[in-house]
Amino acid sequence: MSNGDTLRVLELRPKTNYDAKLFKLKTGWTLRFKLVPLLYAKNVRVFTEYPLPGEPYKRGQLRELPWSCRTRQAVWDPDRFIDIQLDAAGPFRFVYTVGAEKDGPLEGSGYFVVDPQLGYSPDGITCVTYITKLLGPLAEWKARLQVAKESGYNMVHFTPLQQLGTSYSAYSISNQLRLDSAYLPGNYVHSDNTVTYTTRSGEQKQLSIESGLLEAWKIIKEMKSEWKMLSVVDMVWNHTSFDTPWLLQHPDAGYNLVNSPHLRPAYVLDVALVQFSREVAEGKWVQQGLQPEIRSEGDIENIKARLRDHVFPRLRLWEFFTVDIELITGNFRTQVYHLNGGTRPHREGRLKVIQDPQYRRLRSSVDPNQVLELYNVEWPGAVCFEERIQHCCDVLTSELNRLNQEAMDRLQGQLYKALEAIAGTIRFRFLASNGPHIAKVTEKEGLVPRYFCVLGSGQDLHWQDVESQKGEYVLAHNGWVMNADPLANFAVEGSHVYLERALIVWDDSIKLRYGDGPKDSPFLWDHMTRYTQQMAWMFDGFRLDNCHNTPINVAEGLLDAAREVKPQLYLIAELFTSGEDKDSYFVNKLGINSLIREAMVAGIPYDLGRLPSVTHAMFMDATHDNEPGNIQTRCVYDALPTTAIVSIACCGVGSCRGYDELVPHTIHVVGERRCYGRWHVATPPNGTNHNSVVHKTTGIIEAKSVLNALHYDLAVQGFNQVYVDQVSDNIVAVTRHSPSTHQSVILMAHTAFKSPPSHIIPTEERPCTGYSHVPPLSVQGVVQEIILEARLMDKVSKPDFIKDPSYISGLTAHMLDMRTRISVESSKMCHMGHSRGKNSEVVFTDFCPGSVIVFRVELFPEACAAVQFIRSFLKKDTNTCDGSNLRDKLEDICSKLSLLDLNYVLYRCDSEERDEGKGGGVYNVPGAGDMVYCGIQGVVSMVTGIRDNNDLGHPLCDNLRSGDWLPSYIVNRLGTRQSTRPLAEALEAVFTRLRALPRYLIPAYFEAIVTAVHTSLITSALKQMGRFVSEGTSLVQRLALGSVQMFGMSRSAILPSPLPGVTIAGSLAAGLPHFSTGFMRCWGRDTFVALRGLLLSTSRYEDARNSILSFAACLRHGLLPNLLSGGSSPRYNCRDTCWWWLQSVQDFCKMAPNGCDILHCEVRKLFANDDTQADFDRTDTVTLASVMQDILQKHVAGIKFRERGAGHSIDKDMTAPGFNVSAGVDLHTGFVYGGSVHNCGTWMDKMGESVLAGNKGVPATARDGSAVELVGLCFSTVSWLSKMSKQGVFPYSGVSLASSQASSPTLTYADWSRLIKDNFEAHFWIPNDRSIASEKEGLEAPYIHRTGIYKDSFGATKRYCDFQLRPNFPIAMVVAPELFTPENAWCALTKVKELLLGPLGMKTLDPNDQVYNGYYFNSSDSTNFNTARGFSYHQGPEWVWVIGFFLRARIMFAHYNGVSLDEALAEAHSVLSAHAQALVDSPWCGLPELTNRDGAECPDSCPVQAWSMGCVLEVLCDMQQVK
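All figures in this text were calculated on a predicted structure; none of them were measured in a lab.

Asker: Run through the overall build of the protein, naming residues and quoting values.
Answerer: The secondary structure content of the protein amounts to 39 helices and 56 strands. The C-alpha extent of the protein, read off along each of the three principal axes, is 130 × 115 × 65 Å. Counting the 1523 residues in the protein, one finds 59% classified as buried. Contacts in the protein between residues far apart in sequence, at least 24 positions, make up 70% of those at least 6 positions apart. If you sum the accessible surface of the protein, you get close to 59,100 Å²; carbon and sulfur atoms cover 51% of it. Between the centroid of the 148 positive side chains of the protein and the centroid of its 166 negative side chains there is a distance of 2 Å.

The following block contains the structure:
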């Protein structure tokens, strides 16, 4: 088993696409795939791209992963799992299918991304960006890179090293395979060299690399070996410089007018804009009011008007999209002539323009065949052929004009967008405050930048050549489109970006065209692969420039090539998409380890305070290719607070060279030519250009080195929890917390988004501002030290900034006021205030804008000891054994608790607790409501969701932080019982330590403690329930725990003693919470339906025995009570309890050790005769066998009585005739029968309650006559007793008959069973053939609603009720399979499956029945007779318990009908997967009484019901036996 700290579980869910969900993992961890319960019964096959150890990775090559199982039948093991030990980095796809076929239906898919091993945790990285071209010659690189080392960075990000193009933009590369010559001596001779790399599989391969790049690599290698600094480099895959030499040989590598003819209209527009711009520059539009100087919005509006009214119309761009009307009508006329004037059948429809794929003018077309079909038609009134054809041509011309107009309208809309985009570009270039402020339009600085470049001559094509082969040298520039779909390529056909001028263009670069794969652009793929692999060999990682505009297939292919060279490749990406899902999609597809996030996006301090909690990020205080940072957009005093907030983040962090030096302007990636300063250990001597060097007192470098070191230490030491507090509008507090040591590092940063007033800016002369308008900091612990306090203060002499012509330098008018590793007493910013209980208070005395202070906080000694104790208790700390000893003691205590004790400790609903009379009840969480149980399970059910969702804002967490009420509630409750008091004392010992913790820690530790205790309690319970349970699957165990949930002590519902002096401990609740106490707790029917599953299969034989004997003591009228009421006032209003009881006796004899001994147990009869009161002092006894005999004898003799106390005192709804109870046996058929239309004596026992609807006192389901399940139970009993009698185990061989009943004085059990068997199919089976069924039923044929089923009853007063389809006959099939013809049984079960089977339960009535209603709302009254006050209780809602018998019957009869055992078991497991899921999802940890239609939740149902749990468990028990 893998270590829990490095094990991550990924649950596979049905029909789920995880492509946009992140699963970030680390090398060395274990990934475990598990199935949610809904999938457990399916043959789920999992495939992944993750390679076997030592094997190469191949994208798209999936291998199947084997399951690890606890059972031999792997496909049905709900606990099966797959573990992958992760040693390879990158993105790996997984898919899972359902079915035995390899290409079975896809059930779900996703990715997991494994971070590389770098020597640094990705969260501990501190990265600084260098614009490589500003490093100067290679000989000077180290001196300039040393600034990063001395500033505490552990990673350098380089912009491209390759030969740059003419524009000298850092990202416009003209030769991807050569180092820029500017870094090398003028006489340097380039050569190709070969280097070797080792693939993941251990294979040695060679790579060609240019010598200049090798020289650069030597420096990068020294950085890593000497300074322990990693390196990453920008990868530019989307574009190349316009002057790239190889473009002339391979123009197809870009989007040109030949391979992308859809760009031709955009190119024509681009040329026209150039010409118009040139004319404006030359003054040719002055008379129209257009000067070369653009000074106002009016000038822009004038330009728009001239373009719209004069320039655009001359271009006739619509011709690229329209048809030649004369050509088409001429061809049409010719075709008609060829038909000799004949017409074609006229069809409906309209013409559509077929765009010319080459985008030639007036070469779009329409379908000529469709033209003939639509327009070569007869025209009434035409006197000759010519007149008809002319009329056809006129109509066709009209239609073509309409189509052309539509195309022109579409183009007009696109040109309108283009016009607005052009205006926006002009506005930015000439007028905007943040633009370049171009003075006037010139040949060089036009109105707008070019969208296209002409290779070679640079001369634009004549309009006649646009459609020629010369167009292959006209290439589209690259750029970016605001708010575009990152997955869409804006240069391909279908995109109108170039025509609509929506591109923010980079006019020094050509957009590269990769196509769908290497076959579409072989040279480009080969060239860029070589470039990529060379960089992977040189660097530790990549930064993907413009990642959102990189086609996914391109990035995937090139990254795969890179990871072949460097398997542990680190990947950073600049990614701007429309949301987190799109981000995650890119991360998953490409294996991005860190996404760049910028502090500069925060418009206010509140937004900045939210950013430190970002995960999987590279959080930058400023980036090199955007705004320069705080100095220009905010103020210089904000540089330190912002970078401190960034540094405290729990992810990789970074900056760009110049930020720490307080450079007050943009270091432009295109225009900047100056070099960075070199590192100098101290202030340089006089005569040195101070701007050429950098030292520790430059800018904020000294503080930044402390912050970078702190960031790394926090990652290494596991400070992986982040809390952010917005102290005030401008002050942010960020806490990094270690969950293992509970040390905290707290940063207070006073931001300065606006320049503060001069009187609160510290200076050399006045270092103390006295700014104390800061709320005190309350700390739950001891401030051990101040790691850093710092701020910028003004120098006495504040020299103005002068831009050095040769070196990039920063502001020198400020100096750093800084102290490190000091006590609070030594601080100049704060002092300690008054301690309040477990809190310390820090008071700020001088914390002006721009100040930062970092505290190290530890818990108080008492809290430290408490943490150590609790972690030892949780087996997470081996430094002390005190807590571990207590844990061992607690587990010993748990192991000694009885199952009745565990019922009390774990469960008990509110009414059960209050029933004890000690004033208890469930715990109420303000804001969240009542817990479901008083016991530990109630707590666990609530905290599990909190833990899984990391919901620390949940009301329960607030409750735990606010006080110790819940731990005290748990301990006090357990302390009230002698048997659970040791557990209470053990918990008090650990909760005492819990109370010593700071309040913010209590929720997490409370959850851990309670979960650990809960695990010990559950383990104890399972061990006491036999091997079937203790060694069973999680599904078996969850169902078996229903035995503990439902069987417990209840003061108001004690089972009557079967013998004097014998006390029965515990009783089975029918359902929680509605049937949990008093007379509603112990239902005879429910007890014995559930007994086999909850008590016998769980090996609780004594509890089963006691339940059987206790009810036997209450025999009266030959019946056993349905509502027990402790035996004092039981009700005998049902006909089925005795039969379920008899079945339970049979099950006990078969399943319990020496089970048949129960037949000889003595039982006292509480009732001397049927008319006496219960006498609890009676001492005379009978054997259990005689009780059984009495039941059977009384039924044969006939039972008829009126309930004692008949009237509203015992049933407020029943009418007077309903209290008359009758039952008997039809000696012609052997069928047990009984009941009337006034009562309901089986489990479908809903009595109408609505006066408004008129159903009060009317049984919804009387089921009088011979109910099918009772006939089956009767047969099961008498046939079994016949065998027991023959074996001498049961002392009776039959029942006596009165002379009036039969000629023979005795009906043996053998004869009785034979009588039932001989008559059953004849009276209950409805043949599948309707004609045969009608003939069979004779006069009752009109009642037949379904064929191929078994009747629900026989001999009902309302005859149509016999023929209703209900889920009761499968019960008879299970207990009495001998009664059923296998073929008929399978036919009927198939009908039930098709018509009644629901997700969790069985519909209680045929959906086609006229009174079917699938919803039960007991509290809803109305005038609807069939539904008011829950009248539909058994008329459609889906009951769970009967599904157990249905599944058992399917398994039992499958092999008779050609269905293999495996198929039958698979079907059952498939159904039970929904129950497995319901058990996991239910806070009650149980299965409900019923659901509404199609599994919908029924609010009036018990959320957990004994027979639901027991009958489903019986299925699994049977399956275990048959397997």
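There is more to say, and it comes next.
Asker: Go over helix α18 (residues 899-906) with me, naming the residues and quoting the values.
Answerer: Burial runs high along α18: 8 of the 8 residues are buried. Those residues of α18 lying buried are L899, L900, D901, L902, N903, Y904, V905 and L906. Positive phi appears at R908, one or two residues downstream of α18, with a value of about 75°.

Asker: Please set out the side chain of R1092 residue by residue, giving values where relevant.
Answerer: Within the secondary structure, R1092 is located in helix α27 (residues 1084-1096). According to the relative accessible area criterion, R1092 is buried, its value standing at 11%. Leaving out residues up to four positions away in the same chain, R1092 has contacts with S1097, D1147, M1151, R1448, E1514, D1518 and Q1521.

Asker: Talk me through the packing of helix α29 (residues 1137-1151) against helix α30 (residues 1184-1197); I want residue IDs and the actual numbers.
Answerer: Helix packing for two helices is described by the angle between their axes and how far apart those axes are. Interaxial distance between α29 and α30 falls to 11 Å at its minimum, and their mutual angle equals 145°. Considering only the axes of α29 and α30, their crossing is left-handed. Taken together, the residues of α30 that come into contact with α29 (itself represented by C1138, W1139, W1141, L1142 and V1145) are L1184, V1187, M1188, I1191, L1192 and H1195.

Asker: Lay out the pattern of salt bridges in plain terms, naming residues and giving numbers.
Answerer: Inspection of every chain in the model, using the stated rule, returns 98 salt bridges. For the salt bridge of R501 with D270, the shortest nitrogen-to-oxygen distance reads 2.8 Å. Here R501, found in the loop between β19 (474-481) and β20 (503-511), pairs with D270, found in helix α4 (residues 264-281); they are 231 residues apart in sequence, far enough to count as distant. In this structure, R501 and D270 share a single accessibility class: buried. The salt bridge involving R1263 is made with E1269; its shortest N-O contact spans 2.7 Å. When sorted by exposure, R1263 lands in the same class as E1269, which is buried. Salt bridges here are not isolated pairs; linked through shared partners, they connect R908, E913, E916, K918, R973 and R977.

Asker: Outline the packing of aromatic side chains, listing residues and values.
Answerer: In this structure the tally under the stated criterion is 63 aromatic pairs. Note on Y451 and Y498: the rings are 5.8 Å apart at their centroids and 90° apart in plane angle, and the pair reads as edge-to-face. A residue pair is termed long-range when its members are at least 10 positions apart, and Y451 in the loop between α8 (385-430) and β18 (452-454) and Y498 in the loop between β19 and β20 qualify at 47 residues. Across this residue pair, the class does not change: Y451 and Y498 are buried. Three or more aromatic residues joined by ring pairs form one cluster here, namely F1231, F1320, F1324, W1325, Y1350, F1354, F1369, F1380, F1453 and Y1456. In this arrangement the basic side chain of R8 is found over the ring face of W29, its NZ or CZ atom lying 4.1 Å from the centre. Seen from the ring of F873, R887 lies directly overhead, with NZ or CZ sitting 5.5 Å from the centre.

Asker: Quick rundown of helix α39 (residues 1506-1522)? Include the residues and the values.
Answerer: With 17 residues, α39 ought to run about 24 Å at 1.5 Å a step, and its terminal C-alpha atoms sit 24 Å apart, in line with that. The buried count for α39 comes to 14 of 17 residues, which makes it a mostly enclosed element.

Asker: Pulling in residues and values, what's your account of the nonpolar core?
Answerer: In this structure, W1141, W1312 and W1441 are the most contacted members of the largest nonpolar core, which totals 223 residues. When residues in this core are grouped by element, the largest group, 12 residues, is from helix α24 (residues 1002-1023). Other than its neighbours up to four places away in sequence, W1141 contacts F1088, I1108, F1111, A1112, L1120, L1184, V1187, M1188 and I1191. In this structure, L161, L512, Y514 and L571 belong to the second largest nonpolar core, which totals 84 residues.

Asker: Provide a residue-level description of the sheet that holds strand β22 (residues 570-573), including the pertinent values.
Answerer: Taken in spatial order, the 8 strands close into a barrel running β10-β11-β16-β21-β22-β23-β24-β25, and their pairing is parallel. Across this sheet, the average inter-strand angle for adjacent strands is 30°, counted without regard to direction. Where β22 meets strand β23 (residues 594-598), 2 bridges bridge the pair, whose relative direction is parallel. Bridge pairing links I572 to S594 in β23.

Asker: How would you sum up the pairing of strand β30 (residues 744-750)? Please name residues and give values.
Answerer: With 7 of 7 residues buried, β30 lies mostly within the body of the structure. Side-chain alternation along β30 places S744, I746, M748 and H750 on one buried face and V745, L747 and A749 on a second face that is also buried. Alignment of strand β29 (residues 731-737) against β30, held across 7 bridges, turns out to be antiparallel. In the strand pairing of β30, V732 is matched with A749. Relative to strand β36 (residues 852-858), β30 runs antiparallel, the two sharing 6 bridges. Its bridge partner lying in β36, S744 is registered against V857.

Criteria and cut-off values
- Residues numbered from 1 in each chain as written.
- Predicted model: local features only at pLDDT ≥ 70, side-chain atom pairs only at ≥ 80, totals over all residues.
- Heavy atoms only, no water.
- Helix = DSSP H or I, 4+ residues; strand = E, 2+ residues; numbered from the N terminus.
- Buried < 20%, exposed > 50% of the residue type's maximum accessible area, 1.4 Å probe, protein only.
- Contact = heavy atoms within 4.5 Å.
- Areas by Shrake-Rupley, 256 points an atom, 1.4 Å probe, with all protein chains shown as cover.
- Lys, Arg positive; Asp, Glu negative; His and termini not counted.
- Charge placed at Lys NZ, Arg CZ, Asp CG, Glu CD.
- Axes fitted to C-alpha atoms, helices over the stretch in contact; angles between N-to-C directions.
- Left-handed = near helix turned anticlockwise from the far one by under 90°.
- Salt bridge = Lys/Arg side-chain N within 4 Å of Asp/Glu carboxyl O.
- Phe/Tyr/Trp six-rings, centres within 6.5 Å; stacked < 30°, edge-to-face > 60°.
- Lys NZ or Arg CZ within 6 Å of the ring centre and 35° of its normal.
- Expected span 1.5 Å × (residues − 1).
- Core = buried A, V, L, I, M, F, W, Y, C linked by side-chain atoms within 4.5 Å.
- Pairing = 2+ DSSP bridges.

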